[in-house]
Amino acid sequence: MALSLSISVVVLLAIVVFLLIRKSGLKAGHAVICALLGFYLASSSLSDSITTLTTNVASMIAGLKF
């Protein structure tokens, strides 16, 4: 489940960044810097906390009933 969740999040975020570049004037250089920040955060001591937070938020969203 974690692998499919992380791939889905990566695809979703890639689409959001693409749309921000195309429609909102986000410069490609800024997007690259944000991506590098993500890679450095993934290897930092905060990675476990970030993973836990995103897993909890995804579980909360999945538990919503409309």
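Keep in mind that what you see is a predicted model, and the values were worked out from it rather than measured.

**Some points on the overall build of the protein chain**
Right, so step 1: The helix and strand tally for the protein chain stands at three helices and zero strands.
Right, so step 2: From first element to last, N terminus to C terminus, the protein chain shows the α and β order α-α-α.
Right, so step 3: Taken across its 66 residues, the protein chain has 3% of its residues classed as buried.
Right, so step 4: On the protein chain, roughly 5800 Å² of surface is accessible, and the fraction owed to carbon and sulfur atoms is 75%.

**Digging into the UniProt feature "transmembrane region" (unreviewed entry) in the protein chain**
Right, so step 1: UniProt marks residues 6-21 and 28-46 with the feature "transmembrane region" (unreviewed entry), using the numbering shown here.
Right, so step 2: The annotated region residues 28-46 carries 79% helix and 0% strand content, and the separation between its end C-alpha atoms amounts to 26 Å.

**Some points on a nonpolar patch on the surface**
Right, so step 1: Among the surface-exposed residues, Leu-53, Val-57, Met-60, Ile-61, Leu-64 and Phe-66 lie close enough to one another that they form a single nonpolar patch of about 720 Å² accessible area.
Right, so step 2: Note that Leu-64 resides in the segment after α3 (47-62).
Right, so step 3: What makes Leu-64 partly exposed here is its relative accessible area of 49%.

**Focus on the side chain of Ser-47**
Right, so step 1: Secondary-structure assignment places Ser-47 in helix α3.
Right, so step 2: From its side chain, Ser-47 meets the backbone oxygen of Ser-44 in a polar contact 3.2 Å long.
Right, so step 3: With sequence-adjacent residues up to four places away left out, Ser-47 is seen in contact with Leu-41 and Ala-42.

The rules behind these values
- Residues numbered from 1 in each chain as written.
- Predicted model: local features only at pLDDT ≥ 70, side-chain atom pairs only at ≥ 80, totals over all residues.
- Heavy atoms only, no water.
- Helix = DSSP H or I, 4+ residues; strand = E, 2+ residues; numbered from the N terminus.
- Buried < 20%, exposed > 50% of the residue type's maximum accessible area, 1.4 Å probe, protein only.
- Areas by Shrake-Rupley, 256 points an atom, 1.4 Å probe, with all protein chains shown as cover.
- UniProt positions renumbered as here; feature names shortened; annotations may be inferred.
- Patch = residues over 30% accessible without salt bridge, like charges linked within 9 Å, V, L, I, M, F, W, Y side chains within 5 Å.
- Salt bridge = Lys/Arg side-chain N within 4 Å of Asp/Glu carboxyl O.
- Polar contact = N/O pair within 3.5 Å; in protein donor to acceptor, adjacent residues only side chain to side chain.
- Contact = heavy atoms within 4.5 Å.

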